Amino acid sequence: MTLWRPTGPQELALVEASGWRAWPPRLPDQPIFYPVLNEDYATKIASDWNVKASGVGYVTKFEVRKSYLDNHEVHQAGGRTILEYWIPADELGDFNANIVGLIEVVAEYR
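The notes below deal with the structure included here. (Residues numbered from 1 in each chain as written. Predicted model: local features only at pLDDT ≥ 70, side-chain atom pairs only at ≥ 80, totals over all residues. Heavy atoms only, no water.)

What follows concerns helix α2 (residues 39–54). For α2, the principal kink sits at Ala46 and spans about 30°. Of all the residues in α2, the buried ones are Tyr41, Ala42, Ile45, Ala46, Asn50 and Val51. Those residues of α2 that are buried lie in contact with β1 (2–7), β3 (57–64), β5 (83–85) and β7 (99–109). Gly55 lies just past α2 and shows a positive phi near 85°. (Bend = angle between axes of the 7 residues up to and from the residue. Helix = DSSP H or I, 4+ residues; strand = E, 2+ residues; numbered from the N terminus. Buried < 20%, exposed > 50% of the residue type's maximum accessible area, 1.4 Å probe, protein only. Contact = heavy atoms within 4.5 Å.)

In this section: the environment of Gly101. Mapped onto the elements of the fold, Gly101 is located in strand β7. Of the residues examined, Gly101 reaches a relative accessible area of 40% and is grouped as partly exposed. Linking Gly101 and Glu63, residues 38 residues apart in sequence, is a C-alpha distance of 6.9 Å.

Let us now look at the nonpolar core. In terms of nonpolar packing, the biggest core is built from 15 residues, with Leu3, Trp23, Phe62, Val64, Leu69, Phe95 and Ile99 touching the most fellow members. Of all the secondary structure elements, the ones that give two or more residues to this core are β3, α3 (66–69), α4 (92–97) and β7. Contact partners of Phe95, with chain neighbours within four places excluded, come to Leu3, Trp23, Phe33, Pro35, Phe62, Val64, Tyr68, Leu69 and Ile87. Core analysis: the second largest hydrophobic core is formed by 8 residues, Tyr41, Ala42, Ile45 and Ala46 among them. (Core = buried A, V, L, I, M, F, W, Y, C linked by side-chain atoms within 4.5 Å.)

Let us now look at the packing of aromatic side chains. Using the criterion set out here, one finds 6 aromatic pairs in the structure. Here the aromatic rings of Tyr68 and Phe95 are separated by 6.0 Å at their centres, their planes lie at 70°, and the arrangement is edge-to-face. Taken as a pair, Tyr68 in helix α3 and Phe95 in helix α4 lie far apart in primary sequence, 27 residues in all. Grouping residues by exposure puts Tyr68 and Phe95 together as buried. Of the aromatic side chains, those joined through ring pairs into one cluster are Trp23, Phe33, Phe62, Tyr68 and Phe95. One cation-aromatic arrangement involves Arg5 over Trp23; the distance from NZ or CZ to the ring centre is 5.8 Å. (Phe/Tyr/Trp six-rings, centres within 6.5 Å; stacked < 30°, edge-to-face > 60°. Lys NZ or Arg CZ within 6 Å of the ring centre and 35° of its normal.)

Excluding glycine, most residues fall at negative phi; most peptide bonds, likewise, are trans. Located in the positive-phi region is Trp20, a residue other than glycine, with phi close to 65°. Among the structural elements, Trp20 can be located in the loop between α1 (9–17) and β2 (32–33).

This part covers the sheet that holds β3. Spatial ordering of the open sheet is given by β1-β3-β7, a layout of 3 strands whose pairing is antiparallel. Of all the strands in the sheet, the pair left with one neighbour each is β1 and β7. Adjacent strand axes in the sheet meet at a mean angle of 25°, parallel and antiparallel pairs treated alike. The pairing of β1 with β3 spans 6 bridges and is antiparallel. Paired with Arg5 across the bridge in β3 is Thr60. Taken strand by strand, α1 contacts β1, β3 and β7, and its axis lies near 130° from that of β1. Taken strand by strand, α2 contacts β1, β3 and β7, and its axis lies near 145° from that of β3. (Pairing = 2+ DSSP bridges. Axes fitted to C-alpha atoms, helices over the stretch in contact; angles between N-to-C directions.)

Honestly, that's just the spatial picture; any functional story needs more than this.
Have a look at this one:
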């Protein structure tokens, strides 16, 4: 299943350091990892929030085994198309193990 993740430069550098295969561990104040279900939502966050926070925002795209995601609920975080998975930080290793292929950058905003 295709997922997207808006991200800033620090997190993206850690993804690159993993060989584009894994998301980094969450910080202590980040108990949940939020991949999103559509590119438009990821674009809005990257261009509005990440640019304001760090001067640049990226939209990434990656594939995750559906059999893994079937064990997690989709959460509506606002409007009908604002959909995301809430992956607990302590499950991020399992999430990363279920990424198929590489994480790729599909857009950059400044």
